[in-house]
Amino acid sequence: MNKQSRFLCPETENKINALLVEMTLDEKIGQLHQVGPSPVGGFDISLEEKKQMLEDGRLSQEEYDRALSGVCWDNQEEDIRKGKIGAFLGVIGAEKSNHLQRVAVEESRLGIPLLMGLDVIHGQRTIFPIPLAESCAWDDKLWEFTAAIAAKEAAANGIHWTFAPMVDIARDARWGRIAEGAGEDPYLASRFAASKVGGFQGNDLSDPSHILACAKHFAAYGAGIGGRDYNTVDMSPQTLAEIYLPPFRAAAETGVATYMAAFNDWNGVPCTINRYLLHDVLRKDFGFEGFVVSDANAIAECIDHGAAKSRSDAARQAINAGMEMDMVSRCFTDYLPKLVESGQVSIEQIDEAVRHILRIKFAKGLFEHPYTDPSKESSVLLCKEHRAAARDTACRSAVLLKNDAVLPLFKGARLLVVGELASNAAEMLGTWTLQGRAEETVTLVDGLIAAGMQVTYLPCCGVYSVLDTAGLAEAAAGADVILAAVGEIADRSGEASSMAYIGLPGDQPALLKALQAFGKPVVAVLFNGRPLAIPDVIESCQAVVEAWHPGTEAGNALTDILLGLYNPSGRLTTTFPNNSGECPLYYNHPSTGRPCSESRFSSKYLDTPIRPLFPFGYGLSYTEYAYDQLRVRIENAAIAATVEVKNAGRYAGEETVQLYIRDMVGSRVRPVKELKAFAKVWLEPQETKTVSLSVPFSQLGFYDTRMQFIVEPGDFQVQVGHDSETGLKTIVEIAEDDFVY
Ligand code: GLC
């Protein structure tokens, strides 16, 4: 059921009609203009901090008053009064947000409220694990819960709108923004998208503790050639529709209020001016009723694409393609007036964009309640409940990659901890953490000490610093287990962070090599924002925990896992390659006529193993899960499967049961497997449960050569198990008359 109808209300449309009649062309174009933080007025220090500085005597009253007035960017404040600005990004703090809002509501001619947007990607002040990490929890309720917390904190901070969730499918680990999404699978990313939109927006958009969501980056941004950010995307309409669009469709069906167009072109037409995407797909196919915002400066960058000859031409093409809000390029505000006067842009096109934006402002309740309650900030931001949620989420997001009976650690174990990342709080937060603070973040060393462990800590080396092994041998002699904190700094993932080499950077491999000399078990704790090509790490360490960039409660969560207080349950949502040169690498690929095998004459690399380092869906636990009695039948136009899952070990835990299908023969070749259902089940030691999963026929379809969506009868392999490579399999036939439903 498509929830876009939530934005359509006759009373609101009448109010919009009345406003459109009142509005001048400049005021209409003002609604399409989003501005960023201005350097004037010391934007970099938030008002909240300035107030603290005033109270601490670090700022005089006179300086504070000037900062308060200066923070309001005189020229922008004047533009607000003239109705020439419709939205901001980067205004943080209830006081600052309210100040600008008061100018719009009380000092402009029509009093149309502003929208305050911000990148609240994985938390506002309480920082959760990066989205790629959280996706490894395979838990819709958790994904929604953390988004609701982020929304509550952001709303208290004066934010109305987040530029999230990022739902770009990412198949190439070289791309830094793989950190920001839910991995490589369209089905899982669709459930992630729906959960995040639901968490950010809630059931009532006007609820002051929820914020507008923004599905981004529309579309196929993760498919940039070579894994290079912003690079061109060249793919068939079928691949776009089957792999990259599903999470965006799921967002629309969940009632997402906004979309952000991607920087890249798709098949030669920049998404920012791509009418097929912005109109045919979003409006006609998805039935989207909200508004579309460009990415930062992306309208102007159509010139760099070679798609527009000037900023005016870019503005013309963008508005006529269905782009509606210009994020900071100023092309709309500078050129639309003349483009309308000259007839190159119709007033109807302008009115449609204004209508979509006002519709969302009304739905958000900003006309009735434009201001943020400033009393909420101090009690909501980083409250203990939110910290507890961050700790639990970081536990659920971690993936146990290897464990040769070393973990969990015994309580009295003497630990030698090495690697600068073990004490570097800032790097734990990961990419896109605008309000997260290092001083509020728990490091691995902090967590271990807080848990009462005997810890000797020697940094030895950072991610990019020279290895220093002084004292290492002596320290190792007195330790039972060595913990090596290795990985990436936060700044090497996220935007503009593509890497050609995705092995362990710097002297960290040399550190791990040095540790082998001491004959003690080595546990690697990985802090990283992308899948890493680390066969050497896996080979040399007795246990490896993929912690990603786990957020504010990093150290406490990892300690819970290392001590067995939490039984690891994370499962990978991206394939780990052996070598950087294998990228892009993903599980749901076609077979080819010579499927990858030991045979020389098969589709593979001669210099790297034929299996990935770790497959999609992979993850170990402190216990073992056994599968039995897979039963599959066709009923009610669906594939219905049941399976017995047993906890065969001695630790209680949560298993993620995964169902993959393979359409054995298609009129277009189909992937060797596709995730189509998953469910989590809690099992006590030796407990068995029956798990049921169902795949409606509609999920078995694909686009034929004429772009018609079809579901073909035939044999389907059904695989149910622990990850994409292991599980019970059977073949089920779907006959023609099974489609009579
Ligand atoms: C950036 C990113 C986008 C973000 C926007 C505003 O360039 O591409 O994801 O939301 O600018 O910060």
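Residues numbered from 1 in each chain as written. Predicted model: local features only at pLDDT ≥ 70, side-chain atom pairs only at ≥ 80, totals over all residues. Heavy atoms only, no water.

K.L.:
Please give an account of the nonpolar core that cites residues and values.
P.N.:
Counting residues in hydrophobic clusters, the biggest one holds 176 residues, and the most contacted among them are Trp161, Phe218 and Tyr259. Within the second largest apolar cluster, 36 residues are counted, among which are Ala413, Ala422, Ala547 and Ile561. (Core = buried A, V, L, I, M, F, W, Y, C linked by side-chain atoms within 4.5 Å. Buried < 20%, exposed > 50% of the residue type's maximum accessible area, 1.4 Å probe, protein only.)

K.L.:
Tell me about the site of the ligand, residues and numbers included.
P.N.:
Near the ligand, the surroundings consist of 13 residues, among which Asp119, Arg177, Lys216, His217 and Asp295 are the closest. Between Arg177 and the ligand, the recorded distance is 2.8 Å, taken from a side-chain N or O atom to an oxygen atom. Contact distances for the ligand include 3.0 Å between an oxygen atom and a side-chain N or O atom of Glu495. Contact with the protein chains covers 91% of the free accessible surface of the ligand, which is 310 Å². Classifying every residue of the shell around the ligand by side-chain character gives 7 nonpolar, 1 polar and 5 charged. (Near = heavy atom within 4 Å. Polar contact = N/O pair within 3.5 Å; in protein donor to acceptor, adjacent residues only side chain to side chain. Areas by Shrake-Rupley, 256 points an atom, 1.4 Å probe, with all protein chains shown as cover. Nonpolar A, V, L, I, M, F, W, Y, C, P; charged D, E, K, R; others polar.)

K.L.:
An account of the sheet that holds strand S16 (residues 543-546) is requested, with residue identities and associated values reported.
P.N.:
As summarised here, the arrangement of the 6 strands in space is S11-S16-S15-S14-S12-S13, forming an open sheet in which the pairing is mixed. Looking at which strands have only one partner, the edges of the open sheet turn out to be strand S11 (399-403) and strand S13 (454-458). Sheet twist, expressed as the average angle between the axes of neighbouring strands with direction ignored, equals 20°. Sheet topology places strand S12 (residues 414-418) next to S13; 5 bridges connect them, and they run parallel. Pairing of Val417 across the sheet is with Tyr457, part of S13. Running over the sheet, helix H24 (residues 554-562) touches strand S14 (481-487), strand S15 (522-527) and S16 and is turned about 145° from S15. (Pairing = 2+ DSSP bridges. Helix = DSSP H or I, 4+ residues; strand = E, 2+ residues; numbered from the N terminus. Axes fitted to C-alpha atoms, helices over the stretch in contact; angles between N-to-C directions. Contact = heavy atoms within 4.5 Å.)

K.L.:
For the packing of helix H10 (residues 237-244) against helix H11 (residues 246-253), give the residues involved together with the corresponding values.
P.N.:
Between H10 and H11, the least distance of the axes is 5 Å, while the angle of their chain directions is 55°. By the criterion of interaxial angle, the relationship of H10 to H11 is oblique. Within the contact between the two elements, H10 uses Leu240, Ala241, Glu242, Ile243 and Tyr244 and H11 uses Pro246, Pro247 and Phe248. In terms of residue class, the contact of H10 with H11 is made up of 7 nonpolar, no polar and 1 charged. (Parallel < 35°, antiparallel > 145°, perpendicular 65-115°, else oblique.)

K.L.:
So, the state of the cysteines: which residues are in play, and what are the values?
P.N.:
As enumerated under the stated definition, the model contains 0 disulfides in all. Free of any disulfide, Cys461 has its nearest neighbouring cysteine sulfur in Cys460, separated by 6.9 Å. (Disulfide = S-S within 2.5 Å.)

K.L.:
Can you explain the pairing of strand S24 (residues 714-721)? Please cite residues and give values.
P.N.:
Of all 8 residues that make up S24, 6 are buried, and the element is covered over most of its length. When strand S19 (residues 653-663) meets S24, the two strands line up antiparallel, connected through 6 bridges. The residue of S24 that forms the bridge with Ile661 is Val718. Direction of pairing for S24 relative to strand S25 (residues 728-734): antiparallel, over a ladder of 7 bridges. Note on S25: the bridge partner recorded for Phe716 is Val732.

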